[in-house]
Amino acid sequence: FFEDAFTIINSASKVPGMSNALMMPILSSLCALKMEQKGTTSSKNDVAELLQRFIQEAEEDGHPVHRCRALTIEATRLARLGEFTKAVDCANQIHEIYDIEQHTDDMIMVYGDDFALGTISESVQWLFLSGATKEADDQANMVIDEILPHVDVEDVDDMMRFCLPLIQVLMLVERARDADWLFKNYVINPYHDSGQSSFWSPLFNPLAYVLELIMM
């Protein structure tokens, strides 16, 4: 269905306003769906070509939300290929143009999730995996200081998604106590206070026990 919609929009040259508004979510969905398919080198090239179209369209449009969404997909693609430094470059571009207070509502409205924050958080792991331990440490501090305070703590699933990459790296750079503090203050305590269920809840106790063991 997304491929059919993409074909129709491509031929809709007489209604550029409408096609522009629809093109971004369609390209985003196509890229994301195709990236999840296990395919050949040819299909991977198709994803890269489609993604470059999305990046080009987003740049021409100029809105930070569209530009950031395109960069988040590119970052994920590069990370899956093991090109962590390039993936981090995409995350850094996102950080430069993305204002959480100004753009997060638009990102969620158009694309259904705040992919920009997720990518910035994931970049902590990519830095660590590329051997840039000090930079990973600094990036974790930046996310904790500048980003997490603006995230709704009552949204436990999103908060855990943003925190988990930080926790995993902090455990590996001898900052288990900081990881424990982050986990309890931003995930565990809000989870118990809200009384809500969470997709991540089966992981909470095992992760808490691991942190306790490391600190011991």
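See the structure shown above.
Residues numbered from 1 in each chain as written. Predicted model: local features only at pLDDT ≥ 70, side-chain atom pairs only at ≥ 80, totals over all residues. Heavy atoms only, no water.

1. Brief notes about the nonpolar core
What tends to happen in soluble globular proteins is that the nonpolar side chains get buried as a cluster. Using the following cut-off: Throughout this description, the term nonpolar core refers to a set of buried Ala, Val, Leu, Ile, Met, Phe, Trp, Tyr and Cys residues connected via side-chain atoms within 4.5 Å. Here the term buried applies to any residue with accessible area under 20% of the maximum for its type, exposed to any over 50%, and partly exposed to those in between, with areas from a 1.4 Å probe on protein chains only. Going along the chain from the N terminus, every DSSP run of H or I of four or more residues is numbered as a helix, and every run of E of two or more is numbered as a strand. Two residues form a contact once any of their heavy atoms are found within 4.5 Å.
Within the largest apolar cluster, 67 residues are counted, with the highest numbers of intra-cluster contacts made by F54, L148, L182, F183, V187 and F204. Ranked by residues supplied to this core, first place goes to helix α9 (residues 156–172) with eleven residues. When sequence neighbours within four positions are dropped, the list of residues in contact with L182 reads I144, L148, C163, L166, I167, L170 and V187.

2. Here's the deal with α9
Put simply, the rule reads: Here, expected helix span is obtained from the residue count minus one, scaled by 1.5 Å.
Across its 17 residues, α9 extends 24 Å between first and last C-alpha, which sits within 8% of the 24 Å expected from 1.5 Å per residue. Here α9 lies mainly inside the structure; 13 of its 17 residues are buried.

3. Here's the deal with the packing of helix α7 (residues 115–129) against α9
How we decide: For every element, the axis is a line fit to its C-alpha atoms; helices are fit only across the contacting stretch, and the angle between N-to-C directions ranges from 0 to 180 degrees. Between 65 and 115 degrees an angle is taken as roughly perpendicular, under 35 as roughly parallel, over 145 as roughly antiparallel, and anywhere else as oblique. It is the rotation of the near helix from the far one that decides the hand of a crossing: anticlockwise by less than a right angle makes it left-handed, clockwise makes it right-handed. In this classification, the charged set is Asp, Glu, Lys and Arg, the nonpolar set is Ala, Val, Leu, Ile, Met, Phe, Trp, Tyr, Cys and Pro, and all remaining amino acids, among them Gly, are polar.
Close contact between α7 and α9 brings their axes to 8 Å; oriented N to C, the two are set at 15°. Taken as axis vectors, α7 and α9 run roughly parallel relative to one another. Classified by chirality, the crossing of α9 by α7 is left-handed. Across the interface between the two elements, L117, G118, S121, E122, V124, Q125 and F128 of α7 pack against R161, F162, P165, L166, Q168, V169 and L172 of α9. Of the residues in the contact of α7 with α9, the class split is eight nonpolar, four polar and two charged.

4. Digging into the packing of aromatic side chains
Convention followed: The pairing test for Phe, Tyr and Trp rings, Trp by its six-membered ring, is centres within 6.5 Å, and the orientation test on the planes gives stacked under 30 degrees, edge-to-face over 60, and tilted for anything in between. Geometrically, a lysine NZ or arginine CZ counts as sitting over a ring once it is within 6 Å of the ring centre and also within 35 degrees of the ring normal.
By the definition in use, this model includes four aromatic pairs. Ring centres of W181 and Y186 lie 5.9 Å apart, and the angle between their planes is 80°; on these two criteria the pair is classed as edge-to-face. Given the relative accessible area of 42%, W181 is considered partly exposed. Between F199 and W200 the ring centres are 5.5 Å apart and the planes differ by 85°, which places this aromatic pair in the edge-to-face class. Clustering of aromatic rings is evident, with ring pairs tying together F183, Y191 and F204. We note R69 situated over the ring of F115; from NZ or CZ to the ring centre the distance is 3.6 Å.

5. Some remarks on the pattern of salt bridges
We count it as follows: Every case where a carboxyl oxygen of Asp or Glu lies within 4 Å of a side-chain nitrogen of Lys or Arg is listed as a salt bridge.
Within this structure, the stated rule accounts for eleven salt bridges. Between D113 and R161 there is a salt bridge whose closest N-O contact spans 2.7 Å. Note that D113 is positioned in the loop between α6 (100–111) and α7 and R161 in helix α9, a separation of 48 residues in sequence. Classification of D113 by relative accessible area gives buried; the value is 18%. Among the salt bridges present, the one from D180 reaches K184, with a minimum N-O distance of 3.2 Å. You can see D180 and its partner K184 sitting in helix α10 (residues 176–194), four residues apart, about one turn around the helix. Looking at D180, the relative accessible area reads 9%, which means it is buried. Salt bridges linked by common partners bring D113, D158 and R161 together as one network.

6. Things to note about the environment of I73
Along the chain, I73 turns up in helix α4 (residues 64–80). I73 sits in the buried class, given a relative accessible area of 3%. Separated by 42 residues in sequence, I73 and C31 have C-alpha atoms that sit 7.5 Å apart. Once residues within four sequence positions are removed from consideration, I73 is found in contact with S28, C31, M35, L51 and F54.

7. Focus on the environment of M23
Tracing the backbone through its elements, the reader meets M23 in helix α2 (residues 16–35). Along the chain, M23 and F54 lie 31 residues apart, while their C-alpha atoms are 8.5 Å from each other.

8. Section: unusual backbone geometry
For E174, which is not a glycine, the phi torsion comes out positive at approximately 60°. Among the structural elements, E174 can be located in the loop between α9 and α10. The class of E174 is exposed, set by a relative accessible area of 79%.

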